Amino acid sequence: MAQSSFLGDGKAKRESLGSVRLTRAEVAKHCTAGDCWVIVNDRVYDVTGFLDEHPAGRNIILLHGGKDCTKEFLEVHSEDYILAFAPNSFVGCLEGSSALAPKKPANVPVHFDSSKILALKRNVYGDEHEAYRASFRTFLQKYVQPEYAKFEAKGVVDREVYSKMAQEGFYLTLGIPSACGGRGLDWKHNCVVVEEVEDLGCGGLFVNLGNDMVLSYFTESCTNEQRARWLPKLRRGAVIAVAMSEPEVGSDLGQLSCRATPSPNGGWTVNGRKMWISSGAVAELTVVACVTDPTKGAKGISMLVIESEMPGVSCAKRFGKLGKHASDTCLITLEDVHVPRENLVGEEGKGFQYMMQHLPRERLSIAVASMAAARRALALAVNYVHGRAAFGANLGTLQAVQQELAKIRTEVQVGTTFVDRCIADACQKQLSAEAASMAKFFATDLSFRVADRCQQLFGGYGYLKNSPIGKIMVDQRVTRVYGGANEVQLEIISKGLGFKPQRASRL
Ligand SMILES: Cc1cc2nc3c(=O)[nH]c(=O)nc-3n(C[C@H](O)[C@H](O)[C@H](O)COP(=O)(O)OP(=O)(O)OC[C@H]3O[C@@H](n4cnc5c(N)ncnc54)[C@H](O)[C@@H]3O)c2cc1C
């Protein structure tokens, strides 16, 4: 954090900071896209972290990185509000002024974060995971957070971010075995990546798509020759995607129509459309589910790796969405695309089986992200109600508010504990499909409800475009749909009770 250049370890008490005098030129150095310092009444405040905690977030105080946003701030709030919400933000006073350190507000608000909000200490991670978390958090703060608003506006994350992440061991390389030139880290590291992305409000950076949903097709289902061909690309952070869904078929994957017809010179000619493909606009390699034998139903589906430069592949449309603005979601069309036999993943006709094999971990990854989002929503709301003046005290003194947050906290704790147990099972290769479906169903259903209830406590601020809590709510809404709609998860769970899914053929 930039503060350290003036404040040593940054932990000095605010009272002693009144003596720190700063020139305007020094303050200006901290008005880059990644830093936001404001000068109010000749006092300097670092509101960088505050941007993601303020109920209106960047909407009010920082419209564009690197610009002086004091005026926007003061149009809405008084100086007291900074300290009520970000008690450690005071940096010092302007040189030459007679300003003194600000007085502590009478009600110093609490500062919960996503880990302090829980009642039980999580024990799924070890020291190595926490060290990795700290380094990834620093990475995100340095390279992603400052650019995030730009990615959201463009609707896509720059490819360079992925390559930098791969280089540092946060994208693909973490899961590539060391024998293949990767870091070979255990899957808990993937979960740490997912949690940190959510915790820093960058959930649209759909990093678990590559790490948890696509990479395993290359590392677990491909031949050695294919790995030798593709892993160098993946090690340098190529964007990868998976295309299962089609415009006419999403949940019922056995009914796909994208057709791969055998071509006379070996390989296939592929024709079809793939719908909702995340990262479809930028992916270099896409694992595509195709029908190679229409007479065999689900057993006639194969997975083919389609390369973006193959003639006939095009991103026909990029969809505008309610949330997850930084990730692109596309319609991909495939017109007479020639795919050589070497691009078949594993064995012909086993595509459906591979999808079912890889989906449980994909679903758990979605659950991990959703629980992280729920914890963040709760922490934001608790901090807010402690600081929001109301009825002669603050919102947090109202019993109805306390009880609502107590209920949410209990549900978030239960969800976290269950999902943590699934993470541990996944790392022991013992994650069952039904447990993964339970985690996905429970966590995604919960995270949306939690975000909605927390948003209520923010009143009007929660409804502002880009308010951190509002963004959690819209982003979480889709998690009940993708990765398999939650109703499909319930079918998988009920199979364990001896029920068969209701199908027209059985009615
Ligand atoms: C933002 C986003 C990103 C996505 N990324 C990808 C991607 O990268 N790759 C990819 O292949 N797909 C992706 N998808 C597609 C996603 O997996 C599908 O949307 C999902 O599987 C549901 O399919 P569908 O939309 O066709 O809905 P349908 O299958 O038409 O279902 C509609 C609704 O019907 C209900 N329903 C469905 N089946 C059942 C059932 N058995 N019992 C009871 N009710 C049921 C559910 O409420 C469901 O939401 C993405 C989707 C979105 C929105």
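Cut-offs used in this document
- Residues numbered from 1 in each chain as written.
- Predicted model: local features only at pLDDT ≥ 70, side-chain atom pairs only at ≥ 80, totals over all residues.
- Heavy atoms only, no water.
- UniProt positions renumbered as here; feature names shortened; annotations may be inferred.
- Helix = DSSP H or I, 4+ residues; strand = E, 2+ residues; numbered from the N terminus.
- Buried < 20%, exposed > 50% of the residue type's maximum accessible area, 1.4 Å probe, protein only.
- Contact = heavy atoms within 4.5 Å.
- Areas by Shrake-Rupley, 256 points an atom, 1.4 Å probe, with all protein chains shown as cover.
- Lys, Arg positive; Asp, Glu negative; His and termini not counted.
- Charge placed at Lys NZ, Arg CZ, Asp CG, Glu CD.
- Pairing = 2+ DSSP bridges.
- Phe/Tyr/Trp six-rings, centres within 6.5 Å; stacked < 30°, edge-to-face > 60°.
- Lys NZ or Arg CZ within 6 Å of the ring centre and 35° of its normal.
- Near = heavy atom within 4 Å.
- Polar contact = N/O pair within 3.5 Å; in protein donor to acceptor, adjacent residues only side chain to side chain.
- Nonpolar A, V, L, I, M, F, W, Y, C, P; charged D, E, K, R; others polar.
- Salt bridge = Lys/Arg side-chain N within 4 Å of Asp/Glu carboxyl O.
- Axes fitted to C-alpha atoms, helices over the stretch in contact; angles between N-to-C directions.
- Parallel < 35°, antiparallel > 145°, perpendicular 65-115°, else oblique.
- Left-handed = near helix turned anticlockwise from the far one by under 90°.

An unreviewed UniProt entry lists the protein under the name Acadl protein, from Symbiodinium necroappetens. The Cofactor (unreviewed entry) field of the UniProt record for the protein holds the comment "FAD". Recorded in UniProt under Sequence similarities (unreviewed entry), the annotation for the protein is "Belongs to the acyl-CoA dehydrogenase family."

Draft legend 1. Here's a closer look at the overall build of the protein. The secondary structure content of the protein amounts to 16 helices and 13 strands. Expressed along its principal axes, the backbone C-alpha trace of the protein runs to roughly 85 × 50 × 40 Å. Sorting the 507 residues of the protein into buried and exposed places 53% on the buried side. Long-range contacts, defined as pairs at least 24 residues apart, comprise 74% of the intrachain contacts of the protein with a sequence gap of at least 6. In the form shown here, the protein has an accessible surface area of approximately 22,600 Å², with 53% of it arising from carbon and sulfur atoms. Of the charged side chains in the protein, 60 are positive and 55 negative; the average position of the first set lies 2 Å away from that of the second.

Draft legend 2. Representation of the pairing of strand 5 (residues 240–243) within the structure. Residues I240 and V242 point to one face of strand 5 and A241 and A243 to the other, with burial holding for every one of them. Relative to strand 8 (residues 285–291), strand 5 is paired through four bridges, and the arrangement is parallel. Bridging across to strand 8, I240 finds its partner in L285.

Draft legend 3. Structural view of the packing of aromatic side chains. Summed over the entire model, instances satisfying the criterion amount to 11 aromatic pairs. With a centroid separation of 5.0 Å and an interplanar angle of 55°, the aromatic rings of Y162 and Y171 are classed as tilted. With respect to class, Y162 is no different from Y171; both count as buried. Directly above the aromatic system of W230 lies the positively charged group of R229, at a separation of 4.5 Å from the ring centroid. Lying across the ring of F448, R477 places its NZ or CZ 5.7 Å from the centre.

Draft legend 4. The site of the ligand, seen in detail. As a matter of local geometry, the ligand sits amid 19 residues, with M244, S245, S251, W276 and S278 nearest to it. Contact distances for the ligand include 2.9 Å between a nitrogen atom and a backbone N or O atom of V242. Within the backbone of W276, one N or O atom sits 2.8 Å away from a nitrogen atom of the ligand. Coverage of the ligand by the protein amounts to 69% of the 970 Å² it exposes when considered alone. The set of elements that each furnish at least two residues to the shell around the ligand consists of strand 5, strand 7 (268–278) and helix 16 (486–495). Across the shell around the ligand, the residue classes tally to 10 nonpolar, six polar and three charged.

Draft legend 5. Summary view of the pattern of salt bridges. In total, this model carries 31 salt bridges according to the counting rule given. In this structure, the salt-bridge partner of E130 is R133, at a minimum N-O distance of 2.8 Å. Highlighted residues: E130 and R133, both in helix 7 (residues 127–154), separated by three residues, approximately one helical turn. The salt bridge partner of K274 is E246, with a shortest N-O separation of 2.9 Å. Of this pair, K274 sits in strand 7 while E246 sits in the loop between strand 5 and strand 6 (259–262); the two residues are 28 residues apart in sequence, bridging distant segments of the chain. Salt bridges sharing common partners tie together R122, E130, R133, R137, E195, E196, D199, R375 and D420.

Draft legend 6. The arrangement of the packing of helix 7 against helix 9 (residues 188–199) in detail. Interaxial distance between helix 7 and helix 9 falls to 9 Å at its minimum, and their mutual angle equals 40°. By the angle between their axes, helix 7 is oblique relative to helix 9. In the crossing of helix 7 with helix 9, the sense of the turn from one axis to the other is right-handed. Contacts between helix 7 and helix 9 pair E128, H129, Y132, R133, F136, R137 and L140 from the former with K188, H189, V192, V193, E195, E196, V197 and D199 from the latter. Here the residues of the contact of helix 7 with helix 9 sort into six nonpolar, two polar and seven charged.

Draft legend 7. The sheet that holds strand 2 (residues 37–40), seen in detail. With mixed pairing, the four strands of this open sheet are ordered in space as 1-4-3-2. Each of the sheet's edge strands pairs with one partner strand only, and the pair in question is strand 1 (21–22) and strand 2.

Draft legend 8. Representation of the packing of helix 7 against helix 8 (residues 159–168). The interhelical angle for the contact between helix 7 and helix 8, taken along N-to-C directions, is 175°, at an axis separation of 12 Å. In terms of axis orientation, helix 7 runs roughly antiparallel to helix 8. Where helix 7 approaches helix 8, its residues F136, F139, Y143, V144 and F151 are matched on the opposing element by V161, K164, M165 and E168. Per-class residue counts for the contact of helix 7 with helix 8 are seven nonpolar, no polar and two charged.

Draft legend 9. Examining the side chain of R43 more closely. Looking at the element boundaries, R43 is found in strand 3 (residues 43–46). Looking at R43, its side chain comes within polar contact range of the side chain of E79, at 2.7 Å. Of the polar contacts made by the side chain of R43, one reaches the backbone oxygen of L100; its length is 2.8 Å. R43 has contacts with V38, E79, F90, G92, C93, A99, L100, A101 and P102, leaving out every residue within four places of it along the chain.

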